[in-house]
Amino acid sequence: MKSKDTAFIYSPLFQQYKFNNDHPFNQLRVELTYDLLRKMNAVNDHDIVAPRMATIDELALVHDRKYIQAVELAGHGKLNEDEALNYGIGTEDTPIFSNMHEASSLLVGGTLTAVDLVMEGKVLHAANFGGGLHHGFRGKASGFCIYNDSSVAIRYMQEKYHARVLYIDTDAHHGDGVQWTFYDDPNVCTLSIHETGRYLFPGTGNITERGAGKGYGYSFNIPLDAFTEDESWLHAYKTSIEEVAAFFKPDVILTQNGADAHFYDPLTHLASTMSIYHEIPKIAHEIAHKYCNGRWIAVGGGGYDIWRVVPRAWSLIWLEMNNIPVPSNLPENWINQWQKQAPVTLPTKWHDSEGMYKPIPRKAEIEEKNALTVEKALHSIRPSKE
Ligand SMILES: [Zn+2]
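Residues numbered from 1 in each chain as written. Predicted model: local features only at pLDDT ≥ 70, side-chain atom pairs only at ≥ 80, totals over all residues. Heavy atoms only, no water.

Distances from the zinc ion to its protein donors, Asp171 (OD), His173 (ND1) and Asp260 (OD), fall at 1.8 to 2.1 Å. Of note, the zinc ion draws all its donor residues from one chain, in the sequence arrangement D-x1-H-x86-D. Here Asp171 is found in the loop between β4 (165–169) and α7 (176–181), whereas its partner Asp260 is found in the loop between β7 (252–256) and α9 (274–291), with 89 residues between them in sequence. (Donors = N, O, S within 2.8 Å, 3.2 Å for Na, K, Ca; no water. Helix = DSSP H or I, 4+ residues; strand = E, 2+ residues; numbered from the N terminus.)

Right, let's get into the sheet that holds strand β6 (residues 219–224). Read across the open sheet, the eight strands follow the order β2-β1-β3-β8-β7-β4-β5-β6; overall the sheet is parallel. Of all the strands in the sheet, the pair left with one neighbour each is β2 (48–49) and β6. Judged from the five bridges that link them, β4 and β7 form a sheet pairing that is parallel. By the bridge assignment, Tyr167 is partnered in β7 with Leu254. (Pairing = 2+ DSSP bridges.)

Moving on to the pairing of strand β3 (residues 125–128). With burial as the criterion, each face of β3 is covered, one bearing His125 and Ala127 and the other bearing Ala126 and Asn128. Taken together, the three bridges between strand β1 (residues 6–9) and β3 define a ladder with parallel strand orientation. Within the sheet, the bridge partner assigned to Ala7 lies in β3 and is Ala126. (Buried < 20%, exposed > 50% of the residue type's maximum accessible area, 1.4 Å probe, protein only.)

Once that is clear, we can look at the packing of helix α8 (residues 230–248) against helix α12 (residues 363–378). At a minimum axis distance of 10 Å, the contact between α8 and α12 shows a crossing angle of 10 degrees. As far as their axial angle goes, α12 and α8 are roughly parallel. Contact residues: α8 offers Ser232, His235, Ala236, Thr239, Ser240, Glu243 and Val244, while α12 offers Glu367, Asn370, Ala371, Val374 and Leu378. Class assignment for the residues of the contact of α8 with α12 results in five nonpolar, five polar and two charged. (Axes fitted to C-alpha atoms, helices over the stretch in contact; angles between N-to-C directions. Parallel < 35°, antiparallel > 145°, perpendicular 65-115°, else oblique. Contact = heavy atoms within 4.5 Å. Nonpolar A, V, L, I, M, F, W, Y, C, P; charged D, E, K, R; others polar.)

Burial analysis of β4 places five of its five residues in the buried class, which makes it a mostly covered element. On β4, burial covers both faces: Val165, Tyr167 and Asp169 on one face and Leu166 and Ile168 on the other are all buried. Bridging between β4 and strand β5 (residues 188–195) involves five bridges; their strand directions are parallel. Considered in β5, the bridge of Val165 is made with Val188. Crossover connection from β4 via α7 to parallel β5: handedness right-handed. (Right-handed = clockwise from strand over helix to strand, strands pointing away.)

The topology assignment puts Lys4 in the segment before β1. Separated by 43 residues in the primary sequence, Lys4 and Asp47 have C-alpha atoms spaced 7.4 Å apart. Not counting chain neighbours up to four residues away, the residues in contact with Lys4 comprise His46, Asp47, Lys122, Val123 and Asn322.

The biggest cluster of nonpolar side chains holds 123 residues, and the ones touching the most others in it are Tyr17, Ile89, Ile146, Trp233, Tyr237, Ile253 and Tyr277. Tallying contributions element by element places helix α5 (residues 100–119) first for this core, with eleven residues. Beyond its immediate chain neighbours, meaning those up to four positions away, Ile146 contacts Tyr17, Phe19, His63, Tyr67, Val71, Thr94, Phe97, Met100, Ser104, Leu133, Gly136 and Ala141. By size, the runner-up hydrophobic cluster in this structure holds five residues, among which are Ala271, Met356, Tyr357 and Ile360. (Core = buried A, V, L, I, M, F, W, Y, C linked by side-chain atoms within 4.5 Å.)

Attention now goes to unusual backbone geometry. Glycine aside, negative phi is the norm for most residues, and most peptide bonds take the trans geometry. Cis geometry is found at the peptide bond from Phe201 to Pro202, where omega equals 0 degrees. With respect to the secondary-structure elements, Pro202 resides in the loop between β5 and β6. Here Asn293, not a glycine, exhibits a phi torsion of approximately 50 degrees, which is positive. Among the structural elements, Asn293 can be located in the loop between α9 and β8 (296–299). On the basis of relative accessibility, which here comes to 60%, the residue Asn293 falls in the exposed class.

It helps to recall that an α-helix has 3.6 residues per turn; residues three or four apart then point in one direction. Compared with the 27 Å implied by 1.5 Å per residue over 19 residues, the 26 Å span of α8 between its first and last C-alpha is a close match. Of all the residues in α8, the buried ones are Asp230, Ser232, Trp233, Leu234, Ala236, Tyr237, Thr239, Ser240, Ile241, Val244, Ala245 and Phe248. If you follow the buried residues of α8, they end up packed against β4, β5, β6, α9 and α12. (Expected span 1.5 Å × (residues − 1).)

The subject of this paragraph is helix α10 (residues 310–321). Compared with the 16 Å implied by 1.5 Å per residue over twelve residues, the 17 Å span of α10 between its first and last C-alpha is a close match. With twelve of its twelve residues buried, α10 lies for the most part within the structure. Where α10 is buried, its residues touch β1, α1 (28–39), β3, α9, β8 and α11 (332–339). Of the residues trailing α10, Asn323 is marked for its positive phi of about 50 degrees.

Applying the stated rule across the entire model yields 25 aromatic pairs. Here Tyr10 and Tyr34 contribute two aromatic rings whose centre-to-centre distance is 3.8 Å and whose plane-to-plane angle is 5 degrees, an arrangement assigned as stacked. Here Tyr10, found in the loop between β1 and α1, pairs with Tyr34, found in helix α1; they are 24 residues apart in sequence, far enough to count as distant. Their ring planes at 80 degrees and their centres at 5.9 Å tell us that Phe220 and Phe247 sit as a pair that is edge-to-face. Of the two residues, Phe220 is situated in strand β6 and Phe247 in helix α8; the sequence distance between them amounts to 27 residues. One cation-aromatic arrangement involves Arg29 over Phe25; the distance from NZ or CZ to the ring centre is 4.5 Å. (Phe/Tyr/Trp six-rings, centres within 6.5 Å; stacked < 30°, edge-to-face > 60°. Lys NZ or Arg CZ within 6 Å of the ring centre and 35° of its normal.)

Okay, structure coming up:
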C-alpha cells in the first residue's frame, strides 16, 4: 500500500480514450509525461497507483442515467446517430469511439482513486493527468469530454467525506461543466482563469457568472484577453487563487491543469510561456498546505501541443508535489526516444528560450484590461474601502 506522500495515478489503458487519429485531444501526452518523469527517476514503482473504473452509481452522482446508458450503447455501436446527437456525442468535437463508456469511466475512476488516497490521509497530494474533462455536462458530452471526472469527484468528496471543495481551473477554456454542476451550491467554490469566451469555446466564463440561489458568490471567473502574456496571466492567477482561498477556506483543493494557455497551443490565443507552468503548481501547493493540511488533487485537462508543452507542464506539477528541484535540461534519453515520432523539435530545457514570439503590440492595453477584470471579479470578497 502507499506509504509515501504522493500518488501518481497511471495506466496505459488511459490511451483507450481516443476519438481518432486526427483529433487534437490525444492522451499520448499522459504517456509522454509519465515517460519523462520515469526517465528522471522522479516517478518510481511505489508512486504509481492504477486507476479503478468509476461505477455507474458514481457517474450518476452527476450524470443522468439515460445519458450514461446512451454513451454505453454508442460505444458498442448500438445507438443511432440522431439519438447520439441529442447527447452531444457523434459530433466533430466529440465523435463516437468504441468502448467510449469504459474508457471514460476509467478516467473518472482515476480521479476517484486520487481522491480516496488524499481524503483517507494515505497521501497528501495525488495526480491523475488522465482526468480534467471539465466540459462534460450532466446529460451531454461537449468539447472532447464525455464524463466530467472533476464534477463526479467533487460530489463524491461531498457525500463520502463531507468536504468543502475549492476547484481551480487554469485551462485556457472556461471550466463550464464543473461550474454549472455546482452553480447553486455554496459548499463548492469554482474558480476558472481562461481566455475570454468572446472568440473561444465554450463562450461562457464571464465575470458576471457568480452562482445562483444559495450558491451565489461561490463561482469566480477571470476571462483574460487574447494574447495575454506571462506576467499578466500570473498576476490574475496569484491574486485570484489567494483571495478566493482566503475567502472560502476549503478542506481540499482540486486543480484542473489544462496546458493550453501556452503560445504554442494550436487551439487558443493566449501567449504564455513555460514560466506559468513553473508557477501554477507552486502556488497551488502553498494553498493546499495553508488551508487544507496539504490535501491536493491535480488532474490534467486540455493541452494540444502534446510534444513541446504538455509533458513539461504536467511533469512540473509532479516535481512540485514531491519537492524535487527542476533541473535545467530534459533527459536526453527521453528526447532521443520520442523525437523520431514527433512532428516538431522537442525542447531540451525546462524553460522556453526568449524571443519565442514577436512582441505583442497591444501588450499594455491587454495588461490593463486584465487587471480591471481581476478587480471586478474579486470585488465582492475584498474589504470595502469606505
Ligand atoms: Zn482547454
